[in-house]
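Observations on the model geometry
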Protein chains: 2
Amino acid sequence: MIVRLPNTFVFAQLSSVRLLSAFSRSVCYFHPVPTAVHLQSGRSFITTTSRNKAVRINSSKPATTAMSLPTIDRDTLDGVLKRRFFFAPGFDIYGGVSGLYDYGPPGCALQANIVDVWRKHFVLEEDMLEVDCTMLTPYEVLKTSGHVDKFADWMCRDPATGEIFRVDHLVEEVLESRLKGDKEARGETAEPSAGAEEKKRKKKVKEIKAVKLDDAVVTEYEEVLAKIDGYSGPELGELMKKYIIVNPATGGPLSEPLEFNLMFETAIGPSGQLKGYLRPETAQGQFLNFNKLLESNNTKMPFASASIGKSFRNEISPRSGLLRVREFLMAEIEHFVDPLDKSHPRFSEVADTKLRLLSKDTQQDGRTEVEETTIGEAVKAGLVDNETLGYFLARIYKFLIKIGVDHNRLRFRQHMRNEMAHYAADCWDAELHTSYGWVECVGCADRSAYDLTVHSNRTNEKLVVRQTLAEPLTVEAFEVELDKKKFGPKFKKDGKKIEQFLTSRTQCELEDLAKELSEKLKISVDVEGVEDAVEIEKDIISIEKKTRLEHIREYTPNVIEPSFGIGRILYSLIEHNFWIRPESDQRAVLSFPAVIAPTKVLLVPLSNNEVFDPLINELSRLLRRGGIPAKIDDSSATIGRRYARNDELGTPFGVTVDFQSVQDRTVTLRERDSTKQVRGTVEEIIAAVQAMVGQDAVSWEEGTKGLASFDAGSE
Amino acid sequence: MIVRLPNTFVFAQLSSVRLLSAFSRSVCYFHPVPTAVHLQSGRSFITTTSRNKAVRINSSKPATTAMSLPTIDRDTLDGVLKRRFFFAPGFDIYGGVSGLYDYGPPGCALQANIVDVWRKHFVLEEDMLEVDCTMLTPYEVLKTSGHVDKFADWMCRDPATGEIFRVDHLVEEVLESRLKGDKEARGETAEPSAGAEEKKRKKKVKEIKAVKLDDAVVTEYEEVLAKIDGYSGPELGELMKKYIIVNPATGGPLSEPLEFNLMFETAIGPSGQLKGYLRPETAQGQFLNFNKLLESNNTKMPFASASIGKSFRNEISPRSGLLRVREFLMAEIEHFVDPLDKSHPRFSEVADTKLRLLSKDTQQDGRTEVEETTIGEAVKAGLVDNETLGYFLARIYKFLIKIGVDHNRLRFRQHMRNEMAHYAADCWDAELHTSYGWVECVGCADRSAYDLTVHSNRTNEKLVVRQTLAEPLTVEAFEVELDKKKFGPKFKKDGKKIEQFLTSRTQCELEDLAKELSEKLKISVDVEGVEDAVEIEKDIISIEKKTRLEHIREYTPNVIEPSFGIGRILYSLIEHNFWIRPESDQRAVLSFPAVIAPTKVLLVPLSNNEVFDPLINELSRLLRRGGIPAKIDDSSATIGRRYARNDELGTPFGVTVDFQSVQDRTVTLRERDSTKQVRGTVEEIIAAVQAMVGQDAVSWEEGTKGLASFDAGSE
């Protein structure tokens, strides 16, 4: 895959002057680092191929952390997700469209609950300004942000069959399959079984032939695979030639790699003239509304905006279920901060949070061990660039843990210098481990002043903060003065262009011009739109360093951007909470925390005898009034089977109404994971449930304190 | 505007046989009604031009109901909405794109709160199955639903300037402007002033010339305007010729009307071969997943699915702010019901709800008076077709009142026979009155089995319910039997096609064939894909009426579809809750109910003296813990001005911390609308606020019972 935007490659196209003038002091300039292991841009986290890296890391370099992680049976899980309609391929009765998924009721509720926790955890807690901007985005906006030119992957085409391949994936799959053939020929064991989708995909690659390779070739293949994310299109083309990579199904030759822009294009309005795209991220709308947001915040800094909404990427070959799709839900925060002060007032509240960090230095050494350390220590040591970035890493961690992510399957991986945009100060991804490998689920980057600056330059709309200084500041700067009486008549209609040219010079350029003026008693400049070189004599112009008092400081804020891929989080969460009851491998359980479980309570009458109806309906009404989603299962299946069905749905609590209930209004309450049961009156049980769901849920032990335990026998 | 899909026009293209076989018993067949006053399809409620109708009704026929409605100063309101960033044109620093709006923090919170109430009121209360389907939709799906062929408006082009006009809007504006010129020439008064946007738009129409028209021409123009929604494209073309309608700005000639499909088109995947659209509604995803949803509901009927999400329509000339936009939030319910039993188990709970109904008969008489009646009476009298439809009308009413709609500015308008799809049993729109006229905000249609049937026919996937009958049913039906030994050798390769043809005949067709067979001792049929006419002799085929016992009843459910345009509701709600304090016309107030107010509490320290900080922060923390969104305003503005600012944001409660508060922990609580104040301890005030926000909020009087009233003097 190629590096996406905004990234270092874009800036190679800009002049160095532009570079120096466009960015503020805190920017780290571009230092190329030769060995690219994880070449990815900060902005593109949803499409980058963590899966590949992880699979590669796990297979070729079995790092200790990866090996000790639990594995799941993906086929069984896929069965549960399909049977319970968590999600399913969209338009499947029409044959389906790859990369498009519909969420069924439990998936939709799970997603809504994750979003709800997100909103309370970030927007409400931090008083962020949430906005909802359109997905349709005109060409000019995404041209300026850089997406039109650089938001692309490399593909190649089979001219005979019309098939299209994503080049990096193709090279990877072919080399992996040859290595596997080599292993087979050497009599070594095969890898553990993959999920159904992966099996299907691998079928496309020609039957693995047990062909032994030279040891040197094996080493070469492994090196290529280790760097697969770092190759440019032409380099991938070279690899295809060198290793004779053809259409695996037919053996036919393939075209050279071509760039394919990942944005969906459309035309806005009836003329067909206004080109637009579906947004590839929700960030741009927040940047464009910066002035209105600052105003909404009574011009106080720092502040954050937030947005939750769908984004779109036209993947060449979508795969890995929900992990690489064409339409997905994102939640993004843009925290605007003074570039001179990135401290955070609430940092002390999170300083003791322990995170599992994989630093860039560790990766540079070719290792993947994480270091568990407090965020306070990490910021103090300079490992994490600043307090605000550190604060958000800790908040992201707390959010993920709250919704049920496994601490041991969560790491924060720092971007290496070469996978980060040159203007970024620091960038960390929260990665979750799944059966597909480590998956980037949240990106958290310090994007400096890049975004506001490019949009401001393009539109001539100032996107800045004006800060009244407590004490006026003495500023020394070169200033241009023109003798208008002489300047006007001399340059006539070109006057305005020349004046604009002079006033838009950088301090560095003005210093040079001042020197030229004092040496040659005139300056000579090329002005766009003016045919001849412009010469201005010393009697018309003065360029001198002047000292003035400034009462207002004007600056472009920096942006810290935590960006969440909700679908990826949702899927990883499902894997982290999936297990099989050891007593029976038929009984799968999804142990979601109550706060995100799609349904909180299952109401189970002992049988479909209508004597139970009044109490069941009363329970249902009471729970609804308390805002607790509950479902009644009055089917004729056994109670055990009904609970099993709801274990698969992740419903944390079950309430059974039996004949005794009808007599004395006592019911039993069952906990999903332990299958423990207690008994109490309707009111006691409702109160216990109320205490155990929601944001500040108490534990089962605390919630059911004082209630008699109940033995229902084996389920 | 042309009639949109699915509607009567589509079915004119289908054979009558197909019509008869495709739909179930409860369908009302197509009866053309000549005079079309409100020709609109059930499916297209977001784009239809209620505004025009209403403006027309109000100006030419000042009906009593319309005249007694409050009017608002739209310019003042627009100022508030812009200043407080409720919403704003998208991409405005790039010059904007018409029909695309961004919601700022208060608008976004208002929208989220409306959606939250919607979800609790409908999804949770009724145990609906919520799904989240993709916006990207492949061509085939929307071809089948009919949108590809018929989801269009008529436009015309100025070949000289390239300008594009929506034809019905153009004809309407030109004729209205001529009538206005006539009025001016006759010395009659002008209309009350319109909002800024409308003024700007009207400028495009050439300066109104005070030219007197013949009385006959005035009558003709008024008749055309009354029927403007009912003209086809060619008819609009005739009108343009007859009344010499040209480009109002230049006087240049215009093209014939052309059809313009309102869907945004894009290509899915890298090949560019898979054509797709952005969905124009959220309904299709629910229909396509019918089988999975039925399964999720343990195959129990009836049940409803629901979906909340963005939809897209590429309007030719977007206008009227949020009322006609290109990207909008919808909430749709598909309630699947047995066509033979449309009673509703909870109908008795709503039967006494009084609704303001505008029946089709009243409209047919050219009148607009509403009749206020209980939904129980309306269903009993047959005015509303069935209980389930009536139940949803009442539930829609309760939802709209809960979020703050004015009962007197809400009416339910029944579709007339000719504006409804032929298969629909009945259809009602909830219309809200605004300064733009009556606006369709919710549609509620009984769509019969149309949607499931067309998708099932196209995909050969059965979308049906199988009901085990309590007692087996004796069914008489014509059945075809073939003597396979003779049939196969005779028709060879055509055999399969002929057999398929015979088995897919309707009962009506089989009856005819049986008659033919008994009379001529053979049948002769044309089979698609078989060259010659097919003759089958009596020795090969038998077609006889047979009696059999059925244990399973298989049926395609009917669909009752309440469909909500959230943006339109949100805007109308703002108008319904907007007023100016009589004591000062500077002070605008938005009196949102607490449950949907963007912020619930404003925290106001008396001054920015830091002695107030601890108590303000404590209040903020306590409210946050209670899930109550609050904002602190510690700016240096006067308390009165700070409250005024928040009246514009619709914040229902304000808490002031003063020097006494620091001593004794008592604070004042202010109510937005009455500006009444009470005083109590921090705990008492928090408890009062908690009781007055949320779904089951109590009144100010009840919430503050027992607290001392407080006189803060004039604000």
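Everything numeric here is computed off the predicted structure, so don't read it as measured data. (Residues numbered from 1 in each chain as written. Chains lettered and ligands numbered in written order. Predicted model: local features only at pLDDT ≥ 70, side-chain atom pairs only at ≥ 80, totals over all residues. Heavy atoms only, no water.)

**A few points about the overall build of chain A**
We apply this condition: Only DSSP runs of H or I reaching four residues or more are called helices, and only runs of E reaching two or more are called strands; each is numbered from the N terminus. Only protein chains enter the area calculation, which uses a 1.4 Å probe; residues under 20% of their type maximum are buried, those over 50% are exposed, and those in between are partly exposed. Here a residue-residue contact requires only that any non-hydrogen atoms of the pair lie within 4.5 Å.
A tally of regular secondary structure across chain A gives 28 helices and 29 strands. Considering chain A as a whole, with its 715 residues, one finds that 57% of them fall into the buried category. A separation of at least 24 residues holds for 73% of the contacts in chain A among residues at least 6 apart in sequence.

**Here we look at the packing of helix α5 (residues 74-83) of chain B against helix α23 (residues 566-576) of chain B**
Residue and element names in this part refer to chain B. Operational definition: As a rule, the C-alpha atoms of each element are fitted with a line to give its axis, helices using only the stretch in contact, and angles between N-to-C directions run from 0 to 180 degrees. Working rule for handedness: look at the near helix, and if it is turned counterclockwise from the far one by less than a right angle, call the crossing left-handed; if clockwise, right-handed.
Where α5 meets α23, the axes come as close as 11 Å, and the angle between the chain directions of the two elements is 115°. The crossing of α5 and α23 is right-handed. Taken together, the residues of α23 that come into contact with α5 (itself represented by Arg74, Leu77 and Leu81) are Tyr571, Ile574 and Glu575.

**Observations concerning the relation of the copies chain A and chain B**
Worth spelling out the cut-off: Copies are brought into register by a least-squares superposition over C-alpha atoms of residues with pLDDT of at least 70 in both.
Relative to chain B, chain A is turned by 180° and slid 0.0 Å along the rotation axis, the superposed coordinates differing by an RMSD of 0.2 Å. As the rotation angle and translation indicate, the two copies are arranged about a two-fold axis. Measuring from the rotation axis to each C-alpha of chain A, the shortest distance belongs to Thr266 of chain A, at 2.6 Å. Interface overlap between copies: 100% of the residues of chain A at the interface are likewise at the interface in chain B, consistent with a symmetric, same-surface contact.

**Digging into the sheet that holds strand β10 (residues 303-312) of chain B**
Residues and elements named next belong to chain B. The line we're drawing: At least two bridges found by DSSP between two strands are what make those strands a pair.
The sheet built from nine strands is open, its strands ordered β3-β10-β11-β21-β16-β15-β14-β12-β13 with mixed pairing. Sheet topology places β3 (129-130) and β13 (371-374) at the edges, where each strand pairs with a single neighbour. As defined by bridge partners, strand β14 (residues 410-414) adjoins strand β15 (residues 426-434) across five bridges and the pair is classed as antiparallel. If you follow Leu410 over to β15, its bridge partner there is Leu432. Together, β3, β10, β11 (327-337) and β21 (558-565) form the strand contacts of helix α6 (residues 105-124), whose direction differs from that of β11 by roughly 0°. Relative to strand β16 (residues 437-446), helix α18 (residues 387-402) is tilted by about 145°, and along the sheet it contacts β11, β12 (354-358), β14, β15, β16 and β21.

**Description of the sheet that holds strand β16 (residues 437-446) of chain A**
Residue and element names in this part refer to chain A. Across the sheet, which stays open at both edges, the nine strands sit in the order β3-β10-β11-β21-β16-β15-β14-β12-β13 with mixed pairing between neighbours. Only two strands of the sheet have a single neighbouring strand rather than two, namely β3 (129-130) and β13 (371-374). Sitting on the sheet, helix α18 (residues 387-402) touches β11 (327-337), β12 (354-358), β14 (410-414), β15 (426-434), β16 and β21 (558-565), and the angle it makes with β16 is about 145°.

**Observations regarding the state of the cysteines**
Residue and element names in this part refer to chain A. Selection criterion: Note on terminology: pairs of cysteine sulfur atoms within 2.5 Å are recorded as disulfides.
Within the structure shown, the criterion is met by zero disulfides over all chains. Cys444 carries a free sulfur, and the closest cysteine sulfur to it, the one in Cys427, is 7.5 Å from it. The exposure class assigned to Cys444 is buried, which follows from its relative accessible area of 0%.

**Comments concerning the interface of chain A and chain B**
Applied cut-off: By definition, the buried area sums, over both parts, the 1.4 Å-probe accessible area that each loses when the two are put together. Salt bridges are defined as contacts in which a side-chain nitrogen from Lys or Arg sits within 4 Å of a carboxyl oxygen from Asp or Glu.
With 77 residues of chain A in contact, the opposing surface of chain B contributes 77 residues. Overall, the association of chain A and chain B removes approximately 6,500 Å² of surface from exposure, summing both partners, and the carbon and sulfur fraction of that is 61%. Applying the counting criterion to the chain A and chain B interface returns ten salt bridges. In this structure, Lys300 of chain B and Asp634 of chain A form a salt bridge, with 2.8 Å as the shortest nitrogen-oxygen distance.

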